[in-house]
Structures are given as structure tokens and as C-alpha cells.
Amino acid sequence: MRTIYTTDCGLHVVNTMSVLKDFKKSFLPEGVDEHSAEAVPFFKEFCRMNDLYYYAAPREQFNQNKAYANAHKAGRKFVILEDLS
């Protein structure tokens, strides 16, 4: 995972595309579309195993501080931020 920056609270915000590339290459079973509902449990497990918190919200609801708080509460060291707009 490639860190984009580290927050004041010590969370590492990582590059979404590099995480997805690693997920697809090393964790997703062959034949499963990475964008399908079938891939979701695999992605959740990948995040858990890699100490990664995934935060996504539409632009109107997107809040980095909320993402950082949720990641910290979950005990994760890495976070992906995705604006769904």
C-alpha cells in the first residue's frame, strides 16, 4: 500500500488504486469481478487482514474527520477515503 499522507493522529491515508491493485492481484479469487457484490466479503477480509479502514460517502456527506475517527475507533492504522460523487 502506498501512503499518500499521515494524519496528526497517526493514521496512514493510502492510495485507493494501489490498494485495489493489491487486492485484485493477491486476494480476490480468479473469476470474481472486483466490482461485484460477490467481491465485498473478500474485500472486507482483505481490509481486516491489512489493518485497513474503508470510508466512502457522497460528496455532500463526505467528512474526513469522521473517517479518521471511525478508523481510529476500529483500531486500524490505514484508511482509504473515497468520495462517491
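For the structure, see preceding data.
Figured I'd write up the structure that's included with this text. This is a predicted model, so every value here is computed, not measured.

1. With respect to the overall build of the protein chain
In step 1: Regarding its fold elements, the protein chain presents three helices and four strands.
In step 2: Listing every helix and strand of the protein chain by position from the N terminus yields β-β-α-α-β-α-β.
In step 3: Expected size for 85 residues packed as a compact globule is a radius of gyration near 12 Å; at 13 Å, the protein chain falls within 12% of this value.
In step 4: Its C-alpha atoms put the protein chain at 40 × 25 × 20 Å along the principal axes.
In step 5: The 85 residues of the protein chain split such that 28% are buried.
In step 6: Contacts spanning at least 24 positions in sequence make up 51% of the contacts within the protein chain whose residues lie at least 6 apart.
In step 7: Only carbon and sulfur atoms are counted for the fraction: they give 50% of the accessible area of the protein chain, which is about 5,800 Å².
In step 8: Each charge class in the protein chain was averaged separately, 11 positive and 11 negative side chains, and the resulting centres sit 5 Å apart.

2. Points about the packing of aromatic side chains
In step 1: Applying the stated criterion to the full structure yields seven aromatic pairs.
In step 2: Between Tyr55 and Phe62, the aromatic rings sit 5.4 Å apart at their centres with planes inclined by 65 degrees, giving edge-to-face as the arrangement.
In step 3: The exposure class assigned to Tyr55 is buried, which follows from its relative accessible area of 6%.
In step 4: Every member of this aromatic cluster is reached through a ring pair, and the members are Phe23, Phe27, Phe43, Phe46 and Tyr54.

3. Let's talk about the sheet that holds strand β3 (residues 52–57)
In step 1: Taken together, the four strands give an open sheet; going across it, the order is β1-β2-β4-β3, and neighbouring strands pair in mixed fashion. Among the strands making up the open sheet, the edge pair consists of β1 (3–6) and β3. Each neighbouring strand pair of the sheet contributes to a mean axis angle of 30 degrees, computed without reference to strand direction.
In step 2: One ladder, built from six bridges, connects β3 with strand β4 (residues 78–83); its direction is parallel. Residue pairing in the sheet places Ala57 in a bridge with Asp83 of β4.
In step 3: Across the sheet, helix α1 (residues 16–26) lies against β2 (12–14), β3 and β4, angled at about 110 degrees from β4, the strand it touches most.

4. Focus: helix α3 (residues 64–73)
Side chains three or four residues apart in an α-helix point the same way, a direct result of the helix having 3.6 residues per turn.
In step 1: All of the buried residues along α3 are Ala67, Tyr68 and Ala71. Along the long axis of α3, the arc covered by the buried residues comes to 95 degrees, so they all point the same way. Every exposed residue of α3 that faces more than 90 degrees away from the buried side is listed here: Asn65 and Lys73.
In step 2: Lining the buried residues of α3 we find β1, β2, β3 and β4.
In step 3: Its side-chain oxygen at 2.9 Å from the backbone nitrogen of Asn65, Asn63 defines the N-terminal cap of α3.
In step 4: Looking one or two places after α3, you find Gly75, whose phi comes out positive at around 75 degrees.

Cut-offs used in this document
- Residues numbered from 1 in each chain as written.
- Predicted model: local features only at pLDDT ≥ 70, side-chain atom pairs only at ≥ 80, totals over all residues.
- Heavy atoms only, no water.
- Helix = DSSP H or I, 4+ residues; strand = E, 2+ residues; numbered from the N terminus.
- Rg over C-alpha atoms; globule rule 2.2 N^0.38 Å.
- Buried < 20%, exposed > 50% of the residue type's maximum accessible area, 1.4 Å probe, protein only.
- Contact = heavy atoms within 4.5 Å.
- Areas by Shrake-Rupley, 256 points an atom, 1.4 Å probe, with all protein chains shown as cover.
- Lys, Arg positive; Asp, Glu negative; His and termini not counted.
- Charge placed at Lys NZ, Arg CZ, Asp CG, Glu CD.
- Phe/Tyr/Trp six-rings, centres within 6.5 Å; stacked < 30°, edge-to-face > 60°.
- Pairing = 2+ DSSP bridges.
- Axes fitted to C-alpha atoms, helices over the stretch in contact; angles between N-to-C directions.
- Arc of directions from axis to C-beta.
- Polar contact = N/O pair within 3.5 Å; in protein donor to acceptor, adjacent residues only side chain to side chain.

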